[in-house]
Amino acid sequence: MKKYIAHITLLVKDYDEAIEFYTQKLGFILIEDSILSETKRWVLIAPDEQSQCQILLAKAANDEQTQAIGNQSGKRVFLFLYTDDFWRDYHNMLELDINFVRQPLTEEYGTVAVFEDLYGNLWDLIQPIKG
């Protein structure tokens, strides 16, 4: 059997504000939003419909989880968003008030900048060098 990562959980304060940020500001699509209980939903988002790995937005359920919102990786870059047109996406994100904490650089692997999501998680926006 082929193995792959299907979902990565991202802790959020509120389902609806997270869905709005990722779909309206980052252009992700909402794959699924199913109610599981009065307090829990199964919310999947992805950059596009072909993405093998999707993000599961999970509302923090206790104090320990709430404290981890925005810091699931100890303030290191947590997620990597690849693009086929760095400058298009970078400028679109600036217009939508996405906060870049490290400005664009050209590295040996491609063009990259670091931005924060609505909770402070760090992401790389990367256009890899075609090789």
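Residues numbered from 1 in each chain as written. Predicted model: local features only at pLDDT ≥ 70, side-chain atom pairs only at ≥ 80, totals over all residues. Heavy atoms only, no water.

### Description of the sheet that holds strand E3 (residues 41–46)
Piece 1. Strands sit in the order E1-E4-E3-E2 across an open sheet of four strands; the sheet is mixed. Here the strands that pair on one side only, and so sit at the sheet edges, are strand E1 (7–12) and strand E2 (29–35). Across this sheet, the average inter-strand angle for adjacent strands is 25°, counted without regard to direction.
Piece 2. In this structure, E3 lies alongside strand E4 (residues 54–59), joined through three bridges in antiparallel fashion. By the bridge assignment, Ile-45 is partnered in E4 with Ile-55. (Pairing = 2+ DSSP bridges. Helix = DSSP H or I, 4+ residues; strand = E, 2+ residues; numbered from the N terminus. Axes fitted to C-alpha atoms, helices over the stretch in contact; angles between N-to-C directions.)

### Remarks on the UniProt feature "domain: VOC" (unreviewed entry) in the protein chain
Piece 1. UniProt tags residues 4–128 as "domain: VOC" (unreviewed entry).
Piece 2. As annotated, residues 4–128 comprises 22% helix and 42% strand, and the C-alpha atoms at either end are separated by 21 Å. (UniProt positions renumbered as here; feature names shortened; annotations may be inferred.)

### Considering the pairing of strand E6 (residues 100–107)
Piece 1. In terms of strand pairing, E6 meets strand E7 (residues 110–116) through five bridges, oriented antiparallel. Along E7, the bridge assignment pairs Glu-107 with Gly-110.

### Brief notes about the sheet that holds E7
Piece 1. Pairing within the open sheet is mixed, and its four strands lie in the order E5-E8-E7-E6. In this open sheet, the two edge strands, each paired with only one partner strand, are strand E5 (77–82) and E6. Shown here is a sheet whose adjacent strand axes are inclined to one another by a mean of 20°, direction ignored.
Piece 2. Against the sheet, helix H3 (residues 86–95) makes contact with E6, E7 and strand E8 (122–128), and its axis sits at roughly 170° relative to E6, the strand it touches most. (Contact = heavy atoms within 4.5 Å.)

### Considerations on helix H1 (residues 15–25)
Piece 1. Where H1 is concerned, the buried positions are Tyr-15, Ala-18, Ile-19, Phe-21, Tyr-22 and Thr-23.
Piece 2. Close packing links the buried residues of H1 with E1, E2, E3, E4, E7 and E8.
Piece 3. By the N-cap criterion, in which a side-chain oxygen at the helix start approaches the backbone nitrogen of a residue two or three places on, H1 is capped by Asp-14, the distance to Asp-16 being 3.0 Å.
Piece 4. Phi turns positive one or two residues past the end of H1, at Gly-27, with a value near 75°. (Buried < 20%, exposed > 50% of the residue type's maximum accessible area, 1.4 Å probe, protein only. Polar contact = N/O pair within 3.5 Å; in protein donor to acceptor, adjacent residues only side chain to side chain.)

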